[in-house]
Amino acid sequence: MEELVRVTVVDNEPEADLTVSMLGNEGIRAMWRPTNAAAAGLGAGTSSVMGPLEILVRSEDAERARELLA
């Protein structure tokens, strides 16, 4: 299993999707997930995520991803 690391935190789903897409265009596979704080506030049956989202990449891509996001 590859190690994933957080490279940034964004405020909402559209921003997370845009960030993941931008990193993908640069050859960096990325994903997003709710932070622990956001996950704790999710209700059953919720179709969208509320709260901060963390952007994750493979550990070997983290430095380059952070540079691109700076």
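As shown above, the structure is provided for reference.
Residues numbered from 1 in each chain as written. Predicted model: local features only at pLDDT ≥ 70, side-chain atom pairs only at ≥ 80, totals over all residues. Heavy atoms only, no water.

Asker: How would you explain the overall build of the chain if you had to name every residue and give the values?
Answerer: The helix and strand inventory of the chain stands at three helices and three strands. Sequence-ordered secondary structure for the chain, helices as α and strands as β, is β-α-β-α-β-α. Across the 70 residues that make up the chain, the buried fraction comes to 27%. Counting contacts in the chain only where the partners sit at least 6 residues apart, residues at least 24 apart contribute 68% of the total. Accessible surface, the chain: about 4,600 Å² in total, of which carbon and sulfur atoms supply 49%. (Helix = DSSP H or I, 4+ residues; strand = E, 2+ residues; numbered from the N terminus. Buried < 20%, exposed > 50% of the residue type's maximum accessible area, 1.4 Å probe, protein only. Contact = heavy atoms within 4.5 Å. Areas by Shrake-Rupley, 256 points an atom, 1.4 Å probe, with all protein chains shown as cover.)

Asker: Any details on the side chain of Thr19? Residues and values, ideally.
Answerer: Positionally, Thr19 belongs in helix α1 (residues 13–25). With sequence-adjacent residues up to four places away left out, Thr19 is seen in contact with Val10, Ile55 and Leu69.

Asker: I'd love a proper account of the side chain of Glu54, names of residues and values included.
Answerer: Mapped onto the elements, Glu54 comes out in strand β3 (residues 53–58). Judged by its relative accessible area of 8%, Glu54 is buried. Within the structure, the side chain of Glu54 is placed 3.4 Å from the side chain of Arg6, a separation counted as a polar contact. Within the structure, the side chain of Glu54 is placed 2.5 Å from the side chain of Arg33, a separation counted as a polar contact. Residues in contact with Glu54, not counting those within four places in the same chain, are Arg6, Thr8, Val9, Met31, Trp32, Arg33, Pro34 and Thr35. (Polar contact = N/O pair within 3.5 Å; in protein donor to acceptor, adjacent residues only side chain to side chain.)

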